[in-house]
Amino acid sequence: MPLADPAEPFVGSAAVQAGRLTGHQLRSRHRRLFPDVYLAAGEPVTPDRLVRGAALWAPAGAVIGGLAAGLFHRERWYAPAAVGRGVDVYAVGTAPAPRGVRLRRLRRALPAGHVVTIGGLRVTSAARTAVDVARWEFDDDAAIAKIDAVCNRSRISVSEVSALAESVRGLHGLHRVRGLLHWCDPRADSPPETRLRLLLVRSDLPDPTPQVAIRNEYGARIATADLAYEAEMVAVFYDGEVHRGKDQWEYDARVNAELAELGWQVVRVTGSMLRNPRAVLRQARAALERGRHHIASQVGRAHCDGGAI
């Protein structure tokens, strides 16, 4: 009898007992992920498979948490790498955890509203996941970015996270998380965008609006600014690694030209530029001044034209 799905982790003892494998086949053709949990030797150990393997090992009633749960809520920036370092598992009791699992021991089961089932696995809800990944992160800005990332990918609001944080008591780090939530915004499409937004909103500059669609005179969308000052017509973009490719570079150049034609000031920020916050703020401030001057000149020209008519 073949395995139900040879590409997925399975419980070795159960497969041998059911006659699907011999003990020799189990040891020689499969790799051990966790105690009594195996994967076919030719299959890559993906983050998804690691989490599913940990769930097979976990005690009855266990719940996948932290960034391992974030992976199933489609978080893409932190979860894949974090799962490789360890899978967080909530469980009642004191069972010893194998390498690759961080057992979060509970005195009692998690509240029903904190647990959902995704892909057949019991994982913490998106809101509880956001609270947990933030309270387990020591750096405040990284914690904010992780909340943004979970909310962005799971399509929940910060208010949902705040409501859950206010509804529970006694969790380590919970008070700190509550204090960070007012800095969060799920519209951030990446952690660097969160860092850039925090830099701007904590300065003396006006607060920018995330993810602003900019359209031409025919209503066609030219670009979506990561952050924008709409009144001053300033568009701010974070350019990550993908923007170094030739095709993306040419696309960005075309967007810059079209935005300039419409009167928008464009500020493009890279990862290395973020390491010099003063320079980024100086460029943003200069762009705001140019935008205000351009708008004022357009208004003045319109008045002059009106007077001539």
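These numbers were taken from a predicted model, which means no experiment stands behind them. Here the residue index of a chain counts from 1 through its sequence in written order. This being a predicted model, a pLDDT of at least 70 is required before a residue's local features are given, and a value of 80 or more before pairs of side-chain atoms are given or counted; all residues contribute to the totals for chains, interfaces and linings. The side-chain figures draw on all heavy atoms in the structure; neither hydrogens nor water molecules are used.

Peer 1: Honestly, the pattern of salt bridges in this entry has me stumped. Any pointers?
Peer 2: Here the idea is simple: oppositely charged side chains can pair when their charged atoms come close. Here a salt bridge means any side-chain nitrogen of Lys or Arg lying within 4 Å of a carboxyl oxygen belonging to Asp or Glu. Considering all chains together, one arrives at 19 salt bridges under this definition. Across the salt bridge formed by aspartate 48 and arginine 52, the nearest N and O atoms sit 3.2 Å from each other. Remark: arginine 52 and aspartate 48 occur in helix α3 (residues 47-57); sequence separation between them is 4 residues, near one turn of the helix. Residue classification places arginine 52 among the partly exposed positions, given a relative accessible area of 22%. As a salt-bridge pair, lysine 146 and glutamate 137 come within 2.8 Å of each other at their nearest N and O atoms. Glutamate 137 shares its class with lysine 146; the two are buried. Each helix is a run of DSSP H or I of at least 4 residues and each strand a run of E of at least 2, with the numbering of both proceeding from the N terminus. Relative accessibility decides the category of a residue: with a 1.4 Å probe and only protein chains considered, values under 20% of the type maximum give buried, values over 50% give exposed, and everything between is partly exposed.

Peer 1: Mind showing me how you'd approach the pairing of strand β9 (residues 209-215) here?
Peer 2: The side chains of a regular strand alternate between the sheet's two faces. By the convention used here, strands pair only if DSSP detects at least 2 bridges between them. As judged from the 6 bridges shared by β9 and strand β10 (residues 221-229), these two strands associate in the antiparallel manner. Residue pairing for β10: valine 212 is matched across the bridge by alanine 225. Hairpin connection, β9 to β10: the antiparallel pair is bridged by 5 residues, and glycine 219 has positive phi, about 90°.

Peer 1: Quick question: what am I supposed to make of the sheet that holds strand β11 (residues 234-238) here?
Peer 2: Two orientations exist for strands paired in a sheet by backbone hydrogen bonds: parallel and antiparallel. Ordered in space as β9-β10-β11-β12, the 4 strands form an open sheet in which the pairing is mixed. Only two strands of the sheet have a single neighbouring strand rather than two, namely β9 and β12 (265-269). Neighbour to neighbour, the strand axes of the sheet diverge by 45° on average, direction disregarded. Two residues qualify as a contact provided that any one of their heavy atoms is within 4.5 Å of a heavy atom in the partner residue. Inter-axis angles, ranging from 0 to 180 degrees, are taken between N-to-C directions of lines fitted to C-alpha atoms, where helices are fitted over the stretch in contact. Of the strands in this sheet, β9, β10, β11 and β12 are in contact with helix α10 (residues 191-201), which crosses β10 at around 50°.

Peer 1: Sorry if this is basic, but what is going on with unusual backbone geometry here?
Peer 2: Backbone geometry follows two general trends: most residues other than glycine have a negative phi, and most peptide bonds adopt the trans configuration. Of note in the backbone geometry, glutamine 211 takes a positive phi value of approximately 50° without being a glycine. One can find glutamine 211 in strand β9. Overall, glutamine 211 belongs to the partly exposed group, its relative accessible area being 29%. The phi angle at methionine 233 is positive, at roughly 55°, despite the residue not being glycine. By the secondary structure assignment, methionine 233 is in the loop between β10 and β11. Judged by its relative accessible area of 19%, methionine 233 is buried.

Function cannot be read off these values alone, since they describe shape.
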